[in-house]
Amino acid sequence: MKYGGTSVGDAESIARVVDILARYHAEGHELAVVVSAMSGVTDRLHAIAAEAESSVEEPQIAAFIQALRAKHMKALEAVAPSQVEMVGAVIDERLWKLEHILTAVHALHELTRRSKDYIVSYGERLSSMIVSAALRERGIQSVALDGCEAGLLTTDRHGDALVLPSSDARINSRVLPLLMDTVPVITGYMGCTPEGIVTTLGRSGSDYSAAVIGRGIDADEVWIWTDVDGVLTSDPRAIRNVRVLPYVSYREAMELSYFGAKVLHPKSIEPAMEKNIIVRVKNTFNPDHPGTVVRRQENKEKRVVKAVTHIDRVALVNVNGVQMVGRPGTAKEIFSLLGDAGVNVMMISQASSQANISMIIEEADLAVAKDVLSGPVKAGLVREVTADRNVVAVAVVGAGMAGTPGISGRIFTALGHAGINVMMISQGSSEVNVSFVVKQEEHHQALQVLHDEFRLSEECDDE
Ligand SMILES: Nc1ncnc2c1ncn2[C@@H]1O[C@H](COP(=O)(O)OP(=O)(O)O)[C@@H](O)[C@H]1O
Ligand SMILES: N[C@@H](CC(=O)OP(=O)(O)O)C(=O)O
């Protein structure tokens, strides 16, 4: 059972989490728990690390540590009053280490990817202590483990590490034996390299931790507890009338998460899929709602389109020039340059005339992308590279779209009727998703138009 940042965001929420765990524990289930940092803490750790590195003046490290301590101690005092002294001492020891490393970062004005991962993993190191203490306070035996202790070995790609296959056996031998009489509370988001260097798994990576731990212990199910009732037909913050999907397939969940449905991390499906483990998304604040079941089976006969999602903070890059026409190797060159520079290309489209290649990248990568692509321009391989930041990528997702004619027609007709200009289109050969790009100011309307066109707010007996 994985609890996200809002689920452990304050004492009241942690008490709810403990209620839920106590209930399933009393029913005789063996439980392993994965927790994220209290909401907002990871963002603040990133910010103070950046400030410590770059600030010329004295950064507010002591004040930051004080505030972090106050937040966690307040929660601890409320949920585990009898352990304040003992657990508080461990929290203080951890904060002391954190303060020292931040001070060192400032002294050197150097923040390596390695030290950043170490710093930002503290959110989970603190929250896990509190949740574990709260379980003990309820009479449930519990220990807090960090991801490394639980057996998550990863690559050394700091900030976005991948879990190594050898982790399965380690997790199995370290976590499984505990489950008979203990509920381990494991830090999400972090692991370590085989050499023991702390890594993080990418923002929102605790879902990925949970899936990997589920696979390692051969769990019957992995439950992702969050602050909405399940996987929704669209982003509730962007449009009206969204609805909980009772079932989605692994493939659909992967597409949805990749295209911005924040409720699941894109890497969290594959580990579960490999062992056919059901993933259930449930609401900590409404635990009796059945939530969404993610499974292999695809219900795709009647409800062809399941959801519409979007990714913002992206940029559209166009590489233009007739020089590219009929010249083998241009695409290879462009994408190799971007790949070598660490730019993640999220969508690609090439006109059949070959005089244009369009792609979507993360907005944060735009300066680097422009820089590396200026090489082919100077060499005369392409005429120009243009970019547009003011865009959003939208995806229409559903396994039933594969082989069903007319879906693209409906999508683009509906957008056309609404007067929304489509700047780029892309469809994978799996046909589980059709994605396209619109101007930032039109994306809410685009989502709503498609949500309405495919009647996603209405229930369907095929679901
Ligand atoms: N299609 C979707 N289904 C469900 N939630 C979505 C979707 N798209 C965006 N969201 C947002 O994702 C949020 C949950 O993700 P996140 O904030 O990372 O949760 P947690 O902290 O529990 O991991 C929800 O509050 C919701 O606003
Ligand atoms: N705390 C980490 C990992 C995480 O998964 O968080 P959440 O479950 O709140 O999305 C982050 O903010 O990225």
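In what follows, the accompanying structure is described. Quick caveat: nothing in here was measured; it's all calculated off a predicted structure.

Next up on the list: the overall build of the chain. The secondary structure content of the chain amounts to 15 helices and 16 strands. Taking 2.2 N^0.38 as the reference for a compact globule, 463 residues should give roughly 23 Å; the C-alpha atoms of the chain span a radius of gyration of 24 Å, in line with that estimate. With the C-alpha coordinates of the chain rotated into their principal frame, the extents come out at 70 × 60 × 40 Å. Per-residue burial over the chain gives 52% buried out of 463 residues. A sequence separation of at least 24 residues applies to 75% of the contacts in the chain between residues at least 6 apart. Total accessible area computed for the chain in this model is approximately 20,000 Å², and 50% of it derives from carbon and sulfur atoms. Positive and negative side-chain charges in the chain, numbering 45 and 59 respectively, have mean positions lying 2 Å apart.

Even without glycine at this site, His109 takes up a positive phi of about 50°. Position of His109 relative to the elements: it lies in the loop between α4 (84-108) and α5 (113-120). Within the chain, Arg455 stands out as a residue other than glycine whose phi angle is a positive 50°. Summarising the element assignment, Arg455 is placed in the segment after α15 (443-453). Given a relative accessible area of 52%, Arg455 falls into the exposed group.

In this section: the site of ligand 1. Around ligand 1 lies a shell of 17 residues, among which Lys2, Gly5, Thr226, Asp227 and Leu232 are the nearest. Note that an oxygen atom of ligand 1 is positioned 2.7 Å from one of the side-chain N or O atoms of Thr226. Expressed as a share of its isolated accessible area of 570 Å², the protein-covered part of ligand 1 is 90%. In the shell around ligand 1, the residues fall into six nonpolar, six polar and five charged.

This part takes up the pattern of salt bridges. What the rule picks out here adds up to 18 salt bridges. Of the charged contacts, one joins Arg157 and Asp160 as a salt bridge, the two residues approaching to 3.4 Å between their closest N and O atoms. Relative accessible area serves as the criterion here: at 29%, Asp160 is assigned to the partly exposed category. Arg389 is paired through a salt bridge with Glu363; the nearest N and O atoms lie 3.3 Å apart. Residue Arg389 is found in strand β14 (residues 384-397), and its partner Glu363 is found in the loop between β13 (356-362) and α13 (366-378); the two are separated by 26 residues along the sequence. Through salt bridges with shared partners, one network takes in Arg157, Asp160 and Lys267.

Turning our eyes to something else, we now look at the packing of aromatic side chains. Throughout the structure, instances matching the rule amount to six aromatic pairs. Ring plane angle 50° and centroid distance 5.9 Å describe the contact between Trp223 and Trp225, whose orientation is recorded as tilted. Overall, the relative accessible area of 15% leaves Trp223 in the buried class. On the basis of an interplanar angle of 75° and a centroid distance of 5.6 Å, the ring pair of Phe412 and Phe436 is categorised as edge-to-face.

Counted according to the given criterion, the structure contains one disulfide. A disulfide bridge connects Cys148 with Cys192, and the sulfur atoms are separated by 2.0 Å. One disulfide, between Cys148 and Cys192, carries an S-S torsion of 70° and so falls in the right-handed class. Of this pair, Cys148 sits in helix α7 (residues 147-150) while Cys192 sits in strand β5 (residues 190-192); the two residues are 44 residues apart in sequence, bridging distant segments of the chain. A residue is classified by how much of its surface remains accessible, and Cys148, at 18% relative accessible area, is buried. Relative accessible area serves as the criterion here: at 2%, Cys192 is assigned to the buried category.

What counts and what doesn't
Residues numbered from 1 in each chain as written. Chains lettered and ligands numbered in written order. Predicted model: local features only at pLDDT ≥ 70, side-chain atom pairs only at ≥ 80, totals over all residues. Heavy atoms only, no water. Helix = DSSP H or I, 4+ residues; strand = E, 2+ residues; numbered from the N terminus. Rg over C-alpha atoms; globule rule 2.2 N^0.38 Å. Buried < 20%, exposed > 50% of the residue type's maximum accessible area, 1.4 Å probe, protein only. Contact = heavy atoms within 4.5 Å. Areas by Shrake-Rupley, 256 points an atom, 1.4 Å probe, with all protein chains shown as cover. Lys, Arg positive; Asp, Glu negative; His and termini not counted. Charge placed at Lys NZ, Arg CZ, Asp CG, Glu CD. Near = heavy atom within 4 Å. Polar contact = N/O pair within 3.5 Å; in protein donor to acceptor, adjacent residues only side chain to side chain. Nonpolar A, V, L, I, M, F, W, Y, C, P; charged D, E, K, R; others polar. Salt bridge = Lys/Arg side-chain N within 4 Å of Asp/Glu carboxyl O. Phe/Tyr/Trp six-rings, centres within 6.5 Å; stacked < 30°, edge-to-face > 60°. Disulfide = S-S within 2.5 Å.

These results come straight from atomic positions and should not be treated as a statement about function.
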